[in-house]
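The lines below spell out each chain.
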Amino acid sequence: MANYRQIFSSCMAGLLACVAANSQAANLGTGLTNTEWRIDASEFYCKFYQPIPQYGLAVFFQEAGDTLEFYLESTRNLMAEGQAALTIEAPAWRSSALTTELGYSRVIDRKFPIRVETARAGRMMDELTAGMAPTLTRKAKFGDDLIRLQISPVNFKSFYNDYLACQTGLLPVNFRQIERTSVLFGGGGARLDSQATAMLDNIVTYMNADSLVSALFIDGHSDGQGERYNNRRLSEKRAVKVTDYLVNAGIDAAIIVTRYHGERYPIATNATVAGRRLNRRVTVQFERITGDPDDPLRDLPNFEAK
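**Q** Go over the state of the cysteines with me, naming the residues and quoting the values.
**A** A complete count under the given rule lists 1 disulfide for this structure. Paired through a disulfide, Cys 46 and Cys 166 show a sulfur-sulfur distance of 2.0 Å. The sign of the -105° torsion about the S-S bond sets the Cys 46-Cys 166 disulfide as left-handed. Of this pair, Cys 46 sits in strand E3 (residues 45–52) while Cys 166 sits in helix H3 (residues 156–168), and the two are 120 residues apart along the sequence. In this structure, Cys 46 and Cys 166 share a single accessibility class: buried.

This is how it looks when you write it as structure tokens:
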């Protein structure tokens, strides 16, 4: 760890010295008078962001059921692919504060060139609250200049409580986490345990918020122990148990298709205890309307976009 810090410090010293010496370095960001923070808030995600002139957006993002992350959304990516140095620096009006190094973040040539994971994204937020400026530095995409993108702390605290309120109101799960859910059962039984009911409760909560879910397909399965006929009946009981739970919780029975398959479709070996446990399941699969202009998930970031 010590060697890593020495290497990072050495690299950063050279990098920052190069920035100071190179009058052509591009410094992107805002200042005391033109910094703006915005919040897009819903049950499905919180997007807390700062527009960066001539670049795009610096975004703190948290989807329901997931953790905070930070990313850049670029209308015109100026950074070369590679590793950008992430530092915490003082804004121009606090030049006496020390610079803190937070490692490197990968740069890719896409619409979302940089993503920063939860731990460091949280640290960036803490530093903005303290009046410091997270800064990303990387060689320019064209030429030998450097790109320095700095996130301004101006007005951050004025909007931070709004972000926290949005975070508190997020759903417990997002669509990706539940669109194909497996509910597991004990050997020979069709009882829903506390883990299963908690999972189904999350499905109900999500469906009450998302009106674009158009169908649920509930499929019961068994392991390979016992007679085939009995296994088929057991998989039916399990599927009906899940269906009844959802209907009793208020889900419209008309959108539910309930099926059962016995031991026909194992997903693991029936030769082991662990494998049989995975095969004793009911899958809940969602069908959702796409292309609706009012889709609350329409503006989720697509990190594969070029």
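**Q** Quick one: what's the story with the nonpolar core, residue by residue and with numbers?
**A** Judged by nonpolar contacts, the single largest core of 72 residues is most densely connected at Phe 60, Phe 70, Tyr 206, Val 242, Leu 246 and Phe 286. In terms of residue count, the dominant contributor to this core is helix H5 (residues 194–209) (6 residues). If near-sequence neighbours (up to four positions away) are discounted, Phe 286 is found in contact with Phe 175, Ile 178, Glu 179, Ile 203, Met 207, Val 213, Ala 215 and Leu 216.

**Q** Give me the lowdown on the sheet that holds strand E6 (residues 82–89), citing residues and values where you can.
**A** Think of a sheet as strands paired side by side through backbone hydrogen bonds, with each pair either parallel or antiparallel. Read from one edge of the open sheet, 5 strands run E1-E10-E9-E6-E7, paired in mixed fashion. Edge strands, defined here as strands with exactly one partner in the open sheet, are strand E1 (26–28) and strand E7 (100–107). On average, each strand axis in the sheet is tilted by 20° relative to the strand beside it, whichever way the strands run. Along the sheet, helix H2 (residues 118–129) makes contact with E6, E7 and strand E9 (133–139), crossing E7 at roughly 130°.

**Q** Can you break down the pattern of salt bridges residue by residue, with the values?
**A** Per the stated rule, a full pass over the model turns up 16 salt bridges. Between Asp 210 and Arg 288 there is a salt bridge whose closest N-O contact spans 2.6 Å. Remark: Arg 288 occurs in strand E14 (residues 281–288) and Asp 210 occurs in the loop between H5 and strand E12 (213–220); sequence separation between them is 78 residues. Each of Lys 47, Glu 73 and Lys 111 takes part in a single network of salt bridges with overlapping partners.

**Q** So what's going on with the environment of Asn 302? Residues and values would help.
**A** With respect to the helices and strands, the residue Asn 302 is situated in the segment after E14. Classification of Asn 302 by relative accessible area gives partly exposed; the value is 45%. Distance in space between the C-alpha atoms of Asn 302 and Asp 66 is 16 Å, their sequence separation being 236 residues.

**Q** Requested: an account of the sheet that holds strand E11 (residues 180–184), with residues and values cited.
**A** What the 4 strands build is an open sheet, ordered E11-E14-E12-E13; its pairing is mixed. The outermost strands of the open sheet, each flanked by one partner alone, are E11 and strand E13 (256–260). When the angles between neighbouring strand axes are averaged without regard to direction, this sheet yields 20°. The pairing of E11 with E14 spans 5 bridges and is classified as antiparallel. When the bridges of E14 are listed, Leu 184 appears paired with Arg 281. In the packing of H5 onto the sheet, contacts are made with E11, E12 and E14, and the angle to E11 comes to roughly 150°.

What counts and what doesn't
What you see as residue numbers is a count from 1 along each chain, following the sequence as written. Under the rules for a predicted model, residues below a pLDDT of 70 receive no local features and side-chain atom pairs below 80 are neither given nor counted, while totals for whole chains, interfaces and linings still include all residues. The side-chain figures draw on all heavy atoms in the structure; neither hydrogens nor water molecules are used. What counts as a disulfide here is a pair of cysteine sulfur atoms lying within 2.5 Å. Per the convention used, a helix needs a DSSP run of H or I reaching at least four residues, while a strand needs a run of E reaching at least two, with both numbered from the N terminus. With a 1.4 Å probe rolled over the protein chains alone, any residue whose accessible area is under 20% of its type maximum counts as buried; one over 50% counts as exposed, and the rest are partly exposed. Throughout, nonpolar core names a set of buried Ala, Val, Leu, Ile, Met, Phe, Trp, Tyr and Cys residues whose side chains join them through atoms within 4.5 Å. We call two residues in contact when some of their heavy atoms are within 4.5 Å. Strand pairing is defined by DSSP finding a minimum of two bridges between the two strands. Helix axes are fitted only over the stretch in contact, all axes being lines through C-alpha atoms; the angle between N-to-C directions runs from 0 to 180 degrees. Counted as salt bridges are all cases of a side-chain nitrogen of Lys or Arg within 4 Å of a carboxyl oxygen of Asp or Glu.

The values are spatial; any link to function lies outside them.
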